[in-house]
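A structural walkthrough
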Amino acid sequence: MRMTDTPTPALDRLLQLLERPDPLADVDFDLEAAQLDAVRERFADHRARIVLVDKRATDTGIDSVESLADVVPLLFSHTAYKSYPESFVTAGRWDRLLAWLQTLSAVPVGHIDVSGVTDVDGFVERLDAAGSHLLTSSGTSGKPSFLQQSDLDVERGAQILTALWGSPPRIPRSREHRVVQLGPARGPARLVYAHRAKSDAWSRPGASHAFEDEPLRLSEIMAVAKLRKRVAAGEATPGELADFESEAAVRRIRMDKALHDLVDVILENRGEPMLLTGLWRQLWDLVEIARERGIPDGTFHPDSVVGGAGGLKGAVLPEDYEAQTRAFFAPARFVKVYGCSELASSSPICEAGRYHVPPTLVLLMLSDDGETLLPRHAGPVTGRVGFFDPALDSRWGGLVTGDRATADFGRCECGRPGPTIEDSVVRYSELGQGDDDRLLCSGTIDAYIRGLVRE
Amino acid sequence: MSRIEAPVRIVKGGVSASADRGLDLDALVWPRNEPCPAGATPVAEIIEVLAETGARMREDPSGRLAAAAAAMASSTGLDRRIADNSYAGLWRVFDPEALRCQVEHELGGSDVLDGWRPFVGHDGRTAAVRAHPPRLIHVLAGNAPGVAAMSIARGALTKGVHLLKLPSNDLFTAPAILETMAEVAPDHPVTRSFSAVYWRGGDTAVESVLMRPQYFDKLVAWGGEAAIRSAAGYIGPGFELVAFDPKSSISLIGREAWDTEESMTRVASLLADDATIFNQEACTSSRFAYVEGEPGQIDAFCAELARALAQDRPTASAKAAALPAELREEIEVLSLMGEDFGTWGDFEGHGLVVRSADPVDFHPTGKTVNVVPVHRLTDATAHASVATQTVGVFPPGRKVEIRDALANAGAQRVVTLGGAMGMRPGLTHDGFYPLHRFVRWVTDED
């Protein structure tokens with residue numbers, strides 16, 4: 001069911017580019033002008049449908065988007081999506097959580113019946129059944145963000161992903177692969193939807209695998225938040241803390257088992273084309289298991305593609321783990337993308353090692369404070385990364401990230417047009433170590449809570 | 001990233017302006033085989049030196065303090081007026097009466113610093129006790145110049161040797177005070193007891209060398225979780241941590257506030273005093289106000305509080321820095337949620353009041369106060385924790401009813417609303433008597 005019938009001709013024009021042999025290169029019209037049209041179209045549409053967009057527009061006096069600079073004051077940061085009071089979840093005030101979600105959603109959610117919901121997973125399921133397929137992501141604090149996703153968003157997300165994942169060169173949508181994800185098969189996460197889209201586009205019947213028995217359970221993640229709150233309030237008992245530690249250990253064992261089961265499938269079928277995604281530390285575990293079984297490097301199918309993601313938290317890996325992993329999977333190709341969970345489109349890396357922002361995504365290079373649009377010309381420009389994603393139907397596509405990067409709006413060495421982003425993106429939070437000793441005497445209870453982060 | 005350098009380095013009371021060269025680590029320790037320079041100086045004489053230093057700071061004939069105030073204003077973004085105000089009162093830390101009061105109440109008198117205090121036990125056996133001069137490294141916080149002044153006053157009174165590690169956000173105050181001291185008492189043992197230098201916090205090349213019991217007895221660390229965590233690695237037998245922990249503060253307001261229109265206005269102004277100390281960067285700045293009353297009364301109070309936050313105060317600007325974008329966004333969303341939340345004020349730095357049924361998840365900064373209605377003040381004591389420093393209460397008569405529960409929850413200081421600023425000499429700071437913790441207690445038992 002499509003939640004909206006708003007016509008989006010400017011966006012449709014951009015989406016059509018995705019169906020070309022090389023969506024990153026085959027543009028035969030003025031992309032910048034077409035993107036501005038799509039932003040303008042989306043702003044008019046979303047201002048009428050998203051309360052927070054309307055408020056921001058009113059507060060900043062932006063009534064129309066004449067140039068991309070006008071959209072800068074309207075960008076959200078990731079905090080918007082986790083701005084709900086945590087007590088709504090910990091105290092089970094689902095109607096209030098729904099009211100919060102409504103302020104950020106372009107589709108109505110207020111009517112959804114949340115009576116009888118007992119935990120956050122139940123809340124997510126109830127919304128899913130009603131056509132709101134929430135995406136979540138969580139930081140180390142354990143407070144997840146909630147991102148609205150309509151049926152149309154899911155459909156479009158799949159179209160965009162299967163046009164860009166593995167590009168360049170593009171992987172034709174033909175069901176000749178085995179598709180494996182070292183992660184959950186179900187749950188409100190972007191990677192779950194990605195796996196589904198990849199499987200639908202590329203997997204042979206019966207050749208799609210993920211952790212079938214380990215859905216992503218938000219309540220497990222939120223248990224950390226709940227416990228943090230109890231520790232902060234001085235209410236948690238030592239027994240509770242000990243139970244938490246042992247439950248975490250049990251969870252790790254379960255995940256290890258799920259990984260080992262999939263490793264068998266991968267190694268047995270390594271002679272056929274496979275699309276594999278997982279965290280680097282999972283891929284490294286796989287390499288070690290394979291070596292124990294005497295499997296040499298370089299025995300994978302040449303049409304295989306491997307996507308490695310971050311997640312080295314707490315893992316002790318050899319310094320050259322990445323090179324060793326690549327050698328093991330050779331001659332399979334490795335993909336690398338730059339993206340954020342808040343957006344539908346990610347930017348794949350090219351042969352020359354630069355991320356190409358796809359035509360369905362508008363790159364906004366901003367001053368470090370995120371307030372001013374930087375010039376959009378050929379040559380390096382460094383600042384805070386912002387995006388506008390006009391493809392998003394049920395939530396706002398304007399985002400200012402916490403990343404600092406160097407971009408170039410000119411043509412890339414690989415021959416394709418820009419904009420491109422250099423492979424040297426850093427988080428602002430990791431910069432400025434010189435400020436470590438800008439000492440204040442003020443602080444929060446967070447400094448008094450030890451060791452309660454999600455593994 | 002450009003290298004941070006203190007404009008002036010003080011090494012054992014002498015000015016060493018050679019900023020180009022690295023730190024001379026050898027010059028930063030006082031060998032243990034020599035007594036501390038001021039070890040034999042009577043407390044009365046030390047107080048004289050401090051009093052003269054304070055008097056000269058007050059007059060500031062060399063313009064040293066004024067220059068430090070200007071530098072502080074430009075490096076912290078505080079208004080020049082606030083920097084000037086906070087420096088103008090700095091001499092009071094060296095008021096001889098205040099210093100005597102500290103020695104009297106924290107240690108029971110100067111005799112135990114100047115010599116061995118006789119002791120007779122329950123069984124009649126005699127002994128003597130001495131507050132021996134300590135060797136301390138102070139890792140200073142830089143959000144208020146009082147931190148440097150108090151550290152120097154306390155350090156001098158305990159007669160030990162003191163290496164002050166300057167914070168990047170206040171490279172000026174401690175050197176300016178020590179230079180002033182060197183002017184009034186050149187080469188005096190107290191003057192020679194202090195060094196003030198900068199190194200990047202966490203720099204192991206410096207810290208792993210200096211933070212050893214062979215050179216220092218204790219590390220006195222102010223605020224900043226990261227700073228305490230990095231330094232804590234060096235704590236071990238013979239090298240102890242004295243921590244002025246990172247803290248935050250709250251206010252509790254009883255229904256008596258609404259007795260008259262005037263009292264409501266006055267309470268709003270008192271709360272604004274407490275909430276805006278150094279534009280809410282201090283640990284004493286209130287961030288959450290738990291308030292008794294009817295919804296209408298509380299909302300009227302929130303509106304009045306927003307007006308009060310938007311006024312100049314001695315250490316606050318009518319318009320401070322605009323709220324960080326992420327905080328603004330979080331509050332923007334809450335403001336759209338109808339009755340559950342109320343917001344007054346603006347995001348531009350004039351101050352903001354957020355009323356919510358439960359305390360908000362974010363840490364209110366930039367002159368933001370979260371007003372939380374409570375049925376009774378005793379209910380609010382549950383919101384104090386081990387991170388709570390000061391609790392301002394109105395009316396003062398109700399402190400008695402809640403102070404035990406607040407202390408039980410972890411709070412350290414209960415004051416009458418409006419009195420959060422300034423630690424009173426002779427009382428505790430962050431739950432302990434600083435002079436008492438600074439010294440090394442030694443006994444001679446018969």
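Calculation notes
- Residues numbered from 1 in each chain as written.
- Chains lettered and ligands numbered in written order.
- Predicted model: local features only at pLDDT ≥ 70, side-chain atom pairs only at ≥ 80, totals over all residues.
- Helix = DSSP H or I, 4+ residues; strand = E, 2+ residues; numbered from the N terminus.
- Rg over C-alpha atoms; globule rule 2.2 N^0.38 Å.
- Buried ≥ 20, exposed ≤ 12 C-beta atoms within 10 Å, placed from the backbone.
- Contact = placed C-beta atoms within 7 Å.
- Pairing = 2+ DSSP bridges.
- Axes fitted to C-alpha atoms, helices over the stretch in contact; angles between N-to-C directions.
- Expected span 1.5 Å × (residues − 1).
- Core = buried A, V, L, I, M, F, W, Y, C linked by C-beta atoms within 7 Å.
- Right-handed = clockwise from strand over helix to strand, strands pointing away.
- Left-handed = near helix turned anticlockwise from the far one by under 90°.
- Nonpolar A, V, L, I, M, F, W, Y, C, P; charged D, E, K, R; others polar.
- Parallel < 35°, antiparallel > 145°, perpendicular 65-115°, else oblique.
- Arc of directions from axis to C-beta.

Along the backbone of chain A there are 12 helices and 15 strands. In terms of overall dimensions, chain A is globule-like: its C-alpha atoms have a radius of gyration of 23 Å, near the 23 Å expected for 455 residues. Projected onto its principal axes, the C-alpha coordinates of chain A cover approximately 60 × 55 × 50 Å. Buried positions account for 42% of the 455 residues belonging to chain A. In chain A, the share of contacts with a sequence separation of at least 24, taken over all contacts with a separation of at least 6, comes to 70%.

Next up on the list: the overall build of chain B. In terms of regular secondary structure, chain B is built from 15 helices and 17 strands. Taken over C-alpha atoms, the radius of gyration comes to 23 Å for chain B, in line with the 22 Å a tight globule of 446 residues would show. On the principal axes, the C-alpha backbone points of chain B span a range of 70 × 60 × 40 Å. Scored against the burial criterion, the 446 residues of chain B give a buried share of 49%.

All names here are of chain B. One open sheet accounts for 7 strands, arranged S12-S13-S14-S11-S10-S15-S16; its pairing is mixed. This sheet does not close on itself; its edge strands, each paired only once, are strand S12 (341–345) and strand S16 (413–416). Within this sheet the neighbouring strands show an average axis-to-axis angle of 20 degrees, counted without direction. Pairing analysis gives 5 bridges linking strand S10 (residues 248–253) to strand S15 (residues 388–394), with the strands arranged parallel. Paired with Ile 250 across the bridge in S15 is Val 391. Against the sheet, helix H10 (residues 261–275) touches S10, strand S11 (286–291), strand S14 (368–373) and S15, its axis set at about 150 degrees to S11. This element, helix H11 (residues 295–309), spans S11, S12, strand S13 (352–356) and S14 of the sheet and lies at about 30 degrees to S12.

Attention now goes to the environment of Ser 203 of chain A. Residue and element names in this part refer to chain A. In this fold, Ser 203 is placed in strand S4 (residues 203–211). Taking the number of C-beta atoms within 10 Å as the measure of exposure, Ser 203 has 20 and is therefore buried. Residues Ser 203 and Arg 175, spaced 28 residues apart in sequence, show a C-alpha to C-alpha distance of 4.7 Å. Those residues within four positions of Ser 203 in sequence are excluded, and the remaining contacts are Arg 175, His 177, Arg 178, Val 179 and Ser 208.

Attention now goes to helix H7 (residues 151–164) of chain A. Residue and element names in this part refer to chain A. When the terminal C-alpha atoms of H7 are compared, their 20 Å separation across 14 residues agrees well with the 20 Å that a helix rising 1.5 Å per residue should span. Where H7 is buried, its residues touch helix H8 (190–202) and strand S9 (347–348). In the stretch just after H7, Gly 166 is the one whose phi turns positive, near 90 degrees.

The next point concerns the environment of Gly 278 of chain A. All names here are of chain A. With respect to the helices and strands, Gly 278 occurs in strand S5 (residues 274–279). For Gly 278 and Ile 50, which are 228 residues apart along the polypeptide, the C-alpha to C-alpha distance reads 35 Å. Apart from the residues lying within four places of it in its own chain, the contact partners of Gly 278 are Gln 181, Leu 182, Gly 183, Leu 283 and Gly 308.

Bringing the sheet that holds strand S3 (residues 117–120) of chain B into the picture now. All names here are of chain B. Spatially, S3-S4-S17 is the arrangement adopted by the 3 strands of the open sheet, whose pairing is antiparallel. The two strands at the open ends of the sheet, each matched to only one other strand, are S3 and strand S17 (440–445). On average, each strand axis in the sheet is inclined to that of its neighbour by 30 degrees, with strand direction left out of account. As judged from the 6 bridges shared by strand S4 (residues 126–132) and S17, these two strands associate in the antiparallel manner. What sits directly across from Ala 127, in S17, is Glu 445.

What you tend to see is this: most non-glycine residues have negative phi, and most peptide bonds are trans. All names here are of chain A. Following Ala 330, the chain continues to Pro 331 via a peptide bond in cis, the omega torsion being 0 degrees. Here Pro 331 shows up in the loop between helix H12 (321–329) and strand S7 (333–335). Of note, the amide linkage connecting Gly 418 to Pro 419 takes the cis form, showing an omega dihedral of 0 degrees. Looking at the secondary structure, you find Pro 419 in the loop between strand S13 (398–408) and strand S14 (420–422).

Turning to the nonpolar core, a few remarks are in order. Ranked by internal contacts, the top residues of the largest apolar core, which has 229 residues, are Ala 153 and Leu 305 of chain B. Ranked by the residues each element gives to this core, the list is headed by helix H6 (residues 146–157) of chain B, at 8 residues.

Turning our eyes to something else, we now look at the pairing of S10 of chain B. All names here are of chain B. The buried count for S10 comes to 6 of 6 residues, which makes it a mostly enclosed element. Side-chain alternation along S10 places Ser 248, Ile 250 and Leu 252 on one buried face and Ser 249, Ser 251 and Ile 253 on a second face that is also buried. When S10 meets S11, the two strands line up parallel, connected through 5 bridges. Considered in S11, the bridge of Leu 252 is made with Tyr 290. Crossover connection from S10 via H10 to parallel S11: handedness right-handed.

For the rest of this paragraph, the subject is the packing of helix H10 (residues 238–268) of chain A against helix H11 (residues 280–292) of chain A. Residues and elements named next belong to chain A. Contact geometry of H10 with H11 gives a least axis separation of 10 Å together with a crossing angle of 65 degrees. Here H10 and H11 pass one another in a crossing that is right-handed. Residues Leu 259, Val 263, Ile 266 and Leu 267 of H10 pack against Gln 282, Asp 285, Leu 286, Ile 289 and Ala 290 of H11. Split into classes, the residues belonging to the contact of H10 with H11 amount to 7 nonpolar, 1 polar and 1 charged.

All names here are of chain B. Where H6 meets helix H7 (residues 173–184), the closest approach of the two axes is 8 Å, and the angle between their N-to-C directions is 45 degrees. In terms of axis orientation, H6 runs oblique to H7. H7 is crossed by H6, and the crossing has right-handed handedness. Of the residues in H7, those in contact with Ala 148, Ala 149 and Ile 152 of H6 are Thr 173, Ala 174, Ile 177 and Leu 178. Partitioning the contact of H6 with H7 into residue classes produces 6 nonpolar, 1 polar and no charged.

Here the focus is the environment of Pro 331 of chain A. Residue and element names in this part refer to chain A. Accessibility expressed as a C-beta count within 10 Å gives 11 for Pro 331, which makes it exposed. For the pair Pro 331 and Trp 284, spaced 47 residues apart in sequence, the C-alpha to C-alpha distance is 17 Å. Sequence-distant contacts of Pro 331, defined by excluding residues within four places in its chain, comprise Gly 298, Phe 300 and Pro 302.

Our focus in this paragraph is the pairing of strand S7 (residues 194–197) of chain B. Residues and elements named next belong to chain B. Where burial is concerned, the two faces of S7 agree: the one with Phe 194 and Ala 196 and the one with Ser 195 and Val 197 are both buried. Pairing of strand S6 (residues 161–165) with S7, which is carried by 4 bridges, proceeds in the parallel orientation. Looking at S7, one finds that His 162 is bridged to Phe 194.

Here we take up helix H2 (residues 64–76) of chain B. Residues and elements named next belong to chain B. Here H2 contains 13 residues, and its C-alpha end-to-end distance of 18 Å stays within 8% of the 18 Å for a straight helix at 1.5 Å per residue. Taken residue by residue, H2 has Leu 65, Ala 68, Ala 69 and Met 72 as its buried positions. Each buried residue of H2 lies within a common arc of 100 degrees when the element is viewed along its axis, so the set occupies one face. Where H2 terminates, the next one or two residues include Gly 77, which has phi positive at roughly 80 degrees.

By themselves these figures say nothing about function.
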